[in-house]
Amino acid sequence: MSSQQYLTLNDRLESGDKTAALEMLSLAASGDPDALFKASELSLRGMAGAVDLKAAFDLMRSAAAKGHEEAKRAEAYFTAAGIGTQSNPAKARRMLEHLAGHDRFVAVQLAFLNHVKCGERVRSAPRQLVSSDPHIEVVQGLFSPEECRYIQLVASPWMEPAMIYAADGGHLRDPHRDSDNMVVTPMAEDLVIQAVNHCIANASGTRYAWGEPLHVLRYGPSQQYRPHHDAHAFGPPEKRRVATALIYLNDAYEGGETNFPEVGVTVRGAVGDMLIFHNLTADRMPDPRMTHAGLPVTRGEKWLATRWIRSSNYFG
Ligand SMILES: O=C(O)CCC(=O)C(=O)O
Ligand SMILES: [Fe+2]
């Protein structure tokens, strides 16, 4: 059970109280397993000082050693992904095999991992160049219906209304989209999701570590993602979103196409299709032609996974 001190600090963190982050680090230093897990996340996101991947890994390992179940999984995920440690997928798999005896989710994950085949499809999947300049392309059937279903199942319990963070640390409903969404953080990026993210990188000619955490979106009737641009002009150019990959996870809906009004292109993806488009001009400014929207869904539910891609490592 979580300590009262941890719960109070966590509430303060969630309400945007930044001073709680440093207190969480001290609670972690006293050996509280939940605080160690949380402190790992804070170090990864640079929410208690500078981003420190090595600290994030060490804190996760300490939380796992104290018996924190999610931390045991996450230590393996960090080991596979190379977060704060040398990437070692074989070691990560052995760590998970060790957990599978008592952790049913890990057992399912490992069993499913043997059926992930997008890596083999990266070269053979048919490609449809929707527009060459600006670059908009569909990689058809890159992901199997089962892979798409897996992403939905992992995401389902965490779906909540899309929010943005206000300057005062509070949350607001995102004015651009009224979909539900969730983010697969590195702590939850299991080996199947990692394989999916590697496939996205390989099929888009980018690198795994350049991707932001996978987002999963669900739009019900009348919900939409209003016209927007995925890249911004501020920040160092290599940190801008050079490309976006969208994976269509289902097709039991009407409306909901992805629309590029400036290019005059509308895409209706089939299950497992990946849409990839470039957001920046040659001088790495947002390309004004790349405004796009998820049109309103008129019937059913649309499920989508989004990976926004930089041209340098997203973490660290
Ligand atoms: O729902 C769509 O088709 C568009 C999604 C999108 O633009 C995004 O996730 O950045
Ligand atoms: Fe977008």
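Remember, predicted model here, so these are calculated numbers, not experimental data.

This part is about the layout of surface pockets. Taken as a whole, the second largest pocket holds about 240 Å³ of empty space. Surrounding the second largest pocket, 18 residues form its lining, Ala81, Ile83, Tyr208, Ala209 and Phe315 being those nearest its centre. It is helix 5 (residues 69-81) that provides the largest number of residues to the lining of the second largest pocket, a total of three residues. Tallied by class, the residues present in the lining of the second largest pocket amount to eleven nonpolar, four polar and three charged. Looking at which domains feed residues into the lining of the second largest pocket, each of domain 1 (4-110) and domain 2 (118-309) gives three or more.

A word on the UniProt feature "domain: Fe2OG dioxygenase" (unreviewed entry) in the protein. The positions UniProt marks with the feature "domain: Fe2OG dioxygenase" (unreviewed entry) are residues 209-311. Between the first and last C-alpha atoms of residues 209-311 the distance is 9 Å; the span itself is 0% helix and 43% strand.

Here we take up the site of ligand 1. With respect to spatial proximity, the complete set of residues near ligand 1 consists of Tyr219, Tyr225, His228, Asp230, Leu246, Thr258, His292, Gly294, Lys302, Leu304, Thr306 and Trp308. With respect to ligand 1, the side chain of Tyr219 contributes an N or O atom lying 2.6 Å from an oxygen atom. At 3.2 Å, a side-chain N or O of Asp230 approaches an oxygen atom of ligand 1. Protein chains shield 100% of the accessible area of ligand 1, which is 300 Å² for the free molecule. At a threshold of 2 Å from the grid points, most atoms of ligand 1 map onto the largest cavity. Where the shell around ligand 1 is concerned, the elements lending two or more residues are strand 8 (225-228), strand 14 (292-294) and strand 16 (302-309). The element best represented in the shell around ligand 1 is strand 16, accounting for four residues. Its residues assigned to classes, the shell around ligand 1 shows five nonpolar, five polar and two charged.

Quick notes on the rules
- Residues numbered from 1 in each chain as written.
- Chains lettered and ligands numbered in written order.
- Predicted model: local features only at pLDDT ≥ 70, side-chain atom pairs only at ≥ 80, totals over all residues.
- Heavy atoms only, no water.
- 1 Å grid on protein atoms, 1.4 Å probe; cavity = no way out; pocket = protein on both sides within 12 Å on 5 of 7 lines; lining within 4 Å.
- Points joined across faces, edges and corners; volume = space filled by probe spheres on them.
- Helix = DSSP H or I, 4+ residues; strand = E, 2+ residues; numbered from the N terminus.
- Nonpolar A, V, L, I, M, F, W, Y, C, P; charged D, E, K, R; others polar.
- Domains from an automatic or database assignment.
- UniProt positions renumbered as here; feature names shortened; annotations may be inferred.
- Near = heavy atom within 4 Å.
- Polar contact = N/O pair within 3.5 Å; in protein donor to acceptor, adjacent residues only side chain to side chain.
- Areas by Shrake-Rupley, 256 points an atom, 1.4 Å probe, with all protein chains shown as cover.
- Sits in = over half its atoms within 2 Å of the grid points.

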